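# Chain and residue survey
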Amino acid sequence: MIKTCLSNVRKTVPLVHNITNYVTVNDVANALLACGGSPIMSDDEEDVEDITSICGGLNINIGTLNKNTIPSMFKAGKKANELGHVVLLDPVGAGASKLRTNTALKLVEEIKFDVIRGNISEIKTIAFGSQTTKGVDADVADAVTEDNLDKTIDYLKKLSADTGSIIAVTGAIDLVCDSNSCYVIRNGRPEMGKITGTGCQLSAVITAFVVANPDNKLEAAAAAVITMGLAGEIGFDNMQPGDGNSTYRNRIIDAIYNMDEETLSNGAKYEIR
Amino acid sequence: MIKTCLSNVRKTVPLVHNITNYVTVNDVANALLACGGSPIMSDDEEDVEDITSICGGLNINIGTLNKNTIPSMFKAGKKANELGHVVLLDPVGAGASKLRTNTALKLVEEIKFDVIRGNISEIKTIAFGSQTTKGVDADVADAVTEDNLDKTIDYLKKLSADTGSIIAVTGAIDLVCDSNSCYVIRNGRPEMGKITGTGCQLSAVITAFVVANPDNKLEAAAAAVITMGLAGEIGFDNMQPGDGNSTYRNRIIDAIYNMDEETLSNGAKYEIR
Amino acid sequence: MIKTCLSNVRKTVPLVHNITNYVTVNDVANALLACGGSPIMSDDEEDVEDITSICGGLNINIGTLNKNTIPSMFKAGKKANELGHVVLLDPVGAGASKLRTNTALKLVEEIKFDVIRGNISEIKTIAFGSQTTKGVDADVADAVTEDNLDKTIDYLKKLSADTGSIIAVTGAIDLVCDSNSCYVIRNGRPEMGKITGTGCQLSAVITAFVVANPDNKLEAAAAAVITMGLAGEIGFDNMQPGDGNSTYRNRIIDAIYNMDEETLSNGAKYEIR
């Protein structure tokens, strides 16, 4: 059950190694602490294997990738694979530059990811570079809507089969798929897009949830997405006159911190297709 | 009109590429979102040309410059110039170290900046290194006051003529000049100096305003400075007992987020000289 | 007196050079401003000597150390020693990876630190690598408790004698020792561990306090620890329903900002052993 996935994070306090961008890194750390995990950041080539070895999961986010951190991503990812640790990829900006696209594709080629999380455009960039789904791309729209939902779900299931990764696409509707099932999640608020880093936070939180629920990875990833979306709703409800996106940022992390099993169960809006 | 400049940002959602310091980068991103723009951060030499090409403006901030990011600043700046994109320089700490001073001067030499924004000491460092104004430096005080206002304005107009850039100096009184006109702006609060990064945020916000108002760059830069200063006043008015500089930081960004045309028009305190 | 140490920071506004991690750097800057200091961040090898020369103190934090910033730490530290400036080491993660352990130990070997601040596990890693205390390690527990307090204090006094540094260990009980005396501090809240970076903030604040109180370094370091712990208590008392770790973060920095002599005197909970 969704709520058990959260409880397991709180009980086991999964340590997550983050190689992430410097824009949203502080919020990523506080979001991990809020959900019950524990963050470590380390991105030097000489440091990442040791650090990833003592963690339960690895969150690779290419938001401000550079020539020093790219090799670290590969080293850490391979070490985490070797140790059987959970690994997540957040391909920030894949499709926006050659370096981002090529790095994301090479990461997917050389590392086995438990989860790949991005917006639909980043995920399509990944899919386009992978063999099976190449060419299907033209059929999938740039935003997930009720109208194109079935087609998009089919597409993501194929991508999941192709990559062996759970695929999490976030947007107006969130989709969390493996090759068989797809959680269609309708939590969240459009105003979350006015804050930098809710996606980055979510990727770290998903990593913690999957580490804490090793026998139930798809549901754990979906539970993390629901937790974040619901926190966005609760945080928004707590907004006072004069509050804007900066205070909203705090209130979302606060809502993750205060999320309990009952609130999560009652507030979750999803179906499985 | 000042308020139209804000509306144009909200209407066009300018995408701004930031090569900026890691101290204040999160607030820079949230301030850009608050004013109606959209942020991208990218600082690897191999990435910056692609990223700057898809943006409307480029904000270069040397606050934590290093041997990897300095070449990226030049590459991105030249690409932005080539494409006719808006480019802004924030020469953080110019005058405080040889590396900062030399990098700032070389950037001004090799890249055409639409706007250069700094405190009076950073701007004097830039001016001292530029040909026309060299030697005039001794005449200009280290803080802009009512007493030295006319002399400072003359100095900045000459610097603008020399560099071809709008010069924005922020402090107790803010000045935004081209070679002909100077906006003298008296919005803002001294307590803003107790928060890290209000200057960095402003530079990014100016970039967004200038991108959104291509035919009216001077007024757009002034409108951004007024917006930030007024947000500082509104944020301060919203402070509760026990609030300090960390909450004030949030309230300023919130006030940018909630700024509307009428509030901006009514609150703007400026004259043109 | 403890409260005079704070007043001296407010009066002299010490400029602190930080070579620190990108996770918590913004909070470090705002915490320094809150206590009355002034922050500069600079980590390029070519920049650090100039910057540290214009500052009163240097705060070295290895939280996201890398091959570019490690040489900068040594260069800045040696320059600061040469100039007789205050230098602090925060050996984040020492013991967790070879790179972190070796870098911390080499820093302690080559640079004279006025203060080394960490949790007990990081401090034990430092101690284990230093000659005198090697072997004593096994006797010291992994958390400071009332039961092992005397033994831990003896251990830290020896480490202080060995390194010539004030040793500050933070945890449920905070200890600030030189070779003769130890401040045993019981301020703070366990919830501070649910926020990223309170330790990093404290290291920067200690640096400012020691710079501002050159004739009273041990008491100054203790005063900084008390200020931070008490701010944690005040910030917690100001929490409202729905607030979580993100808002708590702001409230702690706010409480540092609003700390006055009387509040500090009345709230300080410490003894000297």
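Read on for a plain summary of the structure. Note that the structure is predicted; figures quoted are calculated from it, not measured. (Residues numbered from 1 in each chain as written. Chains lettered and ligands numbered in written order. Predicted model: local features only at pLDDT ≥ 70, side-chain atom pairs only at ≥ 80, totals over all residues. Heavy atoms only, no water.)

## A short note on the interface of chain A and chain B
On the side of chain B, 27 residues touch chain A, which itself brings 28 residues to the contact. Summing both sides of the interface, chain A and chain B together bury roughly 2,300 Å²; the carbon and sulfur share of this comes to 43%. Considering only the surface of chain A that becomes buried against chain B, Tyr22(A), Lys194(A) and Asn245(A) emerge as the three largest contributors, covering 25% of it. At the junction of chain A and chain B, the tally comes to two salt bridges. With its nearest N and O atoms 3.0 Å apart, the salt bridge here joins Asp50(B) to Lys98(A). (Contact = heavy atoms within 4.5 Å. Buried area = accessible area lost by both parts, 1.4 Å probe. Salt bridge = Lys/Arg side-chain N within 4 Å of Asp/Glu carboxyl O.)

## Some points on the pattern of salt bridges
All names here are of chain A. The full count for this structure, using the stated rule, is 45 salt bridges over all chains. Residue glutamate 82 pairs with lysine 79 through a salt bridge whose shortest N-O separation is 3.5 Å. Remark: lysine 79 and glutamate 82 occur in helix H4 (residues 69-83); sequence separation between them is three residues, near one turn of the helix. For glutamate 82, a relative accessible area of 61% corresponds to the exposed category. (Helix = DSSP H or I, 4+ residues; strand = E, 2+ residues; numbered from the N terminus. Buried < 20%, exposed > 50% of the residue type's maximum accessible area, 1.4 Å probe, protein only.)

## Things to note about the environment of Asp150(A)
Residues and elements named next belong to chain A. Here aspartate 150 shows up in helix H7 (residues 149-163). The sequence separation of aspartate 150 and isoleucine 54 amounts to 96 residues, and the corresponding C-alpha distance is 41 Å. Among the polar contacts made by the side chain of aspartate 150, one reaches the side chain of arginine 273 at a distance of 2.7 Å. (Polar contact = N/O pair within 3.5 Å; in protein donor to acceptor, adjacent residues only side chain to side chain.)

## Considerations on the relation of the copies chain A and chain B
The transformation that overlays chain A on chain B combines an axial shift of 0.0 Å with a rotation of 120 degrees, and the residual RMSD is 0.0 Å. The operation mapping one copy onto its partner corresponds to a three-fold rotation axis. Relative to the rotation axis, the closest C-alpha in chain A is found at Tyr22(A), a distance of 3.6 Å. With a heterologous cut-off of 20% or less, the 18% of interface residues of chain A that recur at the interface of chain B puts this contact in the heterologous class. (Least-squares fit on C-alpha atoms with pLDDT ≥ 70 in both.)

## Re unusual backbone geometry
Trans is the common state for peptide bonds, and a negative phi is the common state for residues other than glycine. Non-glycine residue Val13(A) carries a positive phi angle of around 45 degrees. Take Val13(A): it is sitting in the loop between helix H1 (2-12) and strand S1 (15-19).

## Here we look at the sheet that holds strand S3 (residues 57-61) of chain C
Residue and element names in this part refer to chain C. Across the sheet, which stays open at both edges, the nine strands sit in the order S2-S1-S3-S4-S5-S6-S7-S8-S9 with mixed pairing between neighbours. What marks the edges here is a single partner per strand, and that holds for strand S2 (38-41) and strand S9 (270-272). Each strand axis lies, on average, 20 degrees off the axis of its neighbour in the sheet, ignoring direction. In this sheet, strand S5 (residues 115-118) lies alongside strand S4 (residues 86-90) in parallel orientation, the contact comprising two bridges. In the strand pairing of S5, leucine 89 is matched with isoleucine 116. Packed onto the sheet, helix H6 (residues 120-129) meets S4, S5 and strand S6 (166-169) and runs at close to 130 degrees relative to S5. (Pairing = 2+ DSSP bridges. Axes fitted to C-alpha atoms, helices over the stretch in contact; angles between N-to-C directions.)

## Brief notes about the packing of helix H2 (residues 25-35) of chain B against helix H8 (residues 198-212) of chain B
All names here are of chain B. Direction vectors running N to C along H2 and H8 enclose 40 degrees, while the axes themselves pass 8 Å from each other. In this structure, the crossing between H2 and H8 has a hand that is right-handed. Of the residues in H8, those touching H2 at Asp27, Val28, Ala31, Leu32 and Cys35 are Cys200, Gln201, Ala204, Val205, Ala208 and Phe209. The residue inventory of the contact of H2 with H8, partitioned by class, reads nine nonpolar, one polar and one charged. (Left-handed = near helix turned anticlockwise from the far one by under 90°. Nonpolar A, V, L, I, M, F, W, Y, C, P; charged D, E, K, R; others polar.)

## Considering the sheet that holds strand S3 (residues 57-61) of chain B
All names here are of chain B. Taking strand neighbours across the sheet as the criterion, the nine strands line up as S2-S1-S3-S4-S5-S6-S7-S8-S9 in an open arrangement whose pairing is mixed. The outermost strands of the open sheet, each flanked by one partner alone, are strand S2 (38-41) and strand S9 (270-272). Sheet twist, expressed as the average angle between the axes of neighbouring strands with direction ignored, equals 20 degrees. Across four bridges, strand S7 (residues 174-177) lies against strand S8 (residues 182-185) in antiparallel orientation. When the sheet's bridge partners are listed, aspartate 174 is paired in S8 with isoleucine 185.

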